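Remarks on the overall topology
Single-letter residue listing:
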Amino acid sequence: VARVLPDLVRTLSGMIEINGRMIPVLDAHVHVFPVELIVEREAWLLRDHWFADLYGTPNSKLATTDDLLDSMDRSGVDQAILCGFPWSDIEHCRLHNAYMASSVAKHPDRLAWLGIVPMVESAGWIARDCFERGAIGLGEFNADAQGLDLDDCRSFAPIAEVCIEFDRPIMIHASEPVGHLYPGKGGATPDRILNLARTFPDLRIVAAHWGGGLPIYELMPTVRDQLANVVYDSAATTYLYEDAIFDVVELAGGRDKVLFASDYPVLGQQRLVARMRHHGWSTTAHASAVLSGNAARFYGLERRQ
């Protein structure tokens, strides 16, 4: 009993009640950092301009895997997909990738990870190495941070080709062309994300942050066809949108294109999960698809029953 009870408690804590049934939650977009990077934060601010822009103020939160697991237990999140940071330096990527791979090896039933790949000559090889080490995809790519020209995506070909070969998706930061400015917003607007999808039609893409509004254009049949391999995660919802965004994107793009995601620790998991408990789900199957099933399918994860 002593051995079984902790697993039972964790299983129940990783679900939330929807319409009288327990639904597992998979957070498809969280960020974690190695302990030594957090301890030496001031030094790292000098090593990468994008990191300095996002984490230059003391109230900008950084979290370790242990911090994340504690948040998951408190919030009702069963599994999470780890992202690191869009470093432009290859050694920074290697350090961060090693940390995430090690974290997943310790908690394989709760965590999965996305490899970080810089825009360098050996990008294709680095992507291949990430997959061979267990990464389920790549990301979060950030065009502004890593020097990717989304108006001319040919430089992304080595990475895209490896992803297509391994049948693994990429997650890419997307931003709204309207609304308020904030650190890290960048210029990866819907038209540029659409250009990436057009350039590599066989590449499976997760457009983060609701694609910066891209799914609305799926109401145009031609655009919908070009976005057949694109889905959208809900990261930063509590910062950017009203809860109705879930319904709007489902109406425009389809229910199977919505991946639940928090953007932890930039935003807390508890707040968004609490909103999901009271969201107007049509059925428990609907809730299950959005909260875990869609991400599990798109990333090739097996969801625990």
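Structure report, in brief. Keep in mind that what you see is a predicted model, and the values were worked out from it rather than measured. (Residues numbered from 1 in each chain as written. Predicted model: local features only at pLDDT ≥ 70, side-chain atom pairs only at ≥ 80, totals over all residues. Heavy atoms only, no water.)

On to the overall build of the protein chain, then. Summing up its helical and strand segments, the protein chain has 15 helices and 10 strands in all. With respect to the principal axes defined by its C-alpha atoms, the protein chain has extents near 55 × 50 × 40 Å. When each of the 305 residues of the protein chain is scored for burial, the buried share is 56%. In the protein chain, of all internal contacts separated by at least 6 residues, the share reaching a separation of at least 24 is 74%. With the model as given, the accessible surface of the protein chain reaches about 13300 Å², and the carbon-plus-sulfur share is 54%. (Helix = DSSP H or I, 4+ residues; strand = E, 2+ residues; numbered from the N terminus. Buried < 20%, exposed > 50% of the residue type's maximum accessible area, 1.4 Å probe, protein only. Contact = heavy atoms within 4.5 Å. Areas by Shrake-Rupley, 256 points an atom, 1.4 Å probe, with all protein chains shown as cover.)

Mapped onto the elements of the fold, N97 is located in helix α6 (residues 90-106). Owing to a relative accessible area of 3%, N97 belongs among the buried residues under this scheme. Of the polar contacts made by the side chain of N97, one reaches the backbone nitrogen of I116; its length is 2.8 Å. Setting aside chain neighbours within four positions, we find N97 in contact with W113, L114, G115, I116, C130 and R133. (Polar contact = N/O pair within 3.5 Å; in protein donor to acceptor, adjacent residues only side chain to side chain.)

On to the pairing of strand β3 (residues 26-31). Along any regular strand the residues' side chains alternate between the sheet's two faces. In terms of burial, β3 is a largely internal element, 6 of the 6 residues being buried. As judged from the 4 bridges shared by β3 and strand β4 (residues 79-83), these two strands associate in the parallel manner. Across the sheet, the residue bridging to D27 is A80, located in β4. (Pairing = 2+ DSSP bridges.)

Quick look at the sheet that holds β4 now. Strand order in the open sheet made by the 8 strands is β3-β4-β5-β6-β7-β8-β9-β10, with parallel pairing throughout. Each having just a single partner strand, β3 and β10 (258-259) make up the two edges of the open sheet. Where α6 meets the sheet, its contacts fall on β4 and β5 (111-115), and the angle it forms with β5 comes to roughly 160°. (Axes fitted to C-alpha atoms, helices over the stretch in contact; angles between N-to-C directions.)

Take S103: it is sitting in helix α6. Leaving out residues up to four positions away in the same chain, S103 has contacts with T65, L82 and L111.

Turning to the nonpolar core, a few remarks are in order. By size, the foremost hydrophobic cluster in this structure holds 82 residues, and its most contacted members are F51, L138, F156 and I170. When residues no more than four places from it in sequence are discounted, the contact partners of L138 are L114, G115, V117, A127, C130, F131, I159, C163, P169, I170 and M171. Residues L114, V231, A235 and A261 belong to the second largest nonpolar core, which totals 18 residues. (Core = buried A, V, L, I, M, F, W, Y, C linked by side-chain atoms within 4.5 Å.)

Moving on: the environment of M15. Relative to the elements of secondary structure, M15 occurs in strand β1 (residues 15-18). A relative accessible area of 15% means that M15 is categorised as buried. With 41 residues separating them along the chain, M15 and G56 place their C-alpha atoms 35 Å apart. Not counting the four nearest positions on each side in its chain, M15 is found in contact with M22, I23, P24 and G76.

This brings us to the state of the cysteines. Going through the model one piece at a time under the given rule, you end up with 0 disulfides. As a non-bridged cysteine, C93 has C130 as the owner of its nearest cysteine sulfur, 8.3 Å distant. Using a relative accessible area of 1% as the deciding quantity, one classes C93 as buried. Cysteine C163 is unpaired, with the sulfur of C130 as its nearest cysteine sulfur at 9.5 Å. (Disulfide = S-S within 2.5 Å.)

As a further point, take a nonpolar patch on the surface. Where nonpolar side chains cluster on the molecular surface, the patch consists of I216, Y217, L219, M220 and V248 and spans about 460 Å² of accessible area. By the element assignment, I216 lies in the loop between β8 (205-207) and α11 (221-226). (Patch = residues over 30% accessible without salt bridge, like charges linked within 9 Å, V, L, I, M, F, W, Y side chains within 5 Å. Salt bridge = Lys/Arg side-chain N within 4 Å of Asp/Glu carboxyl O.)

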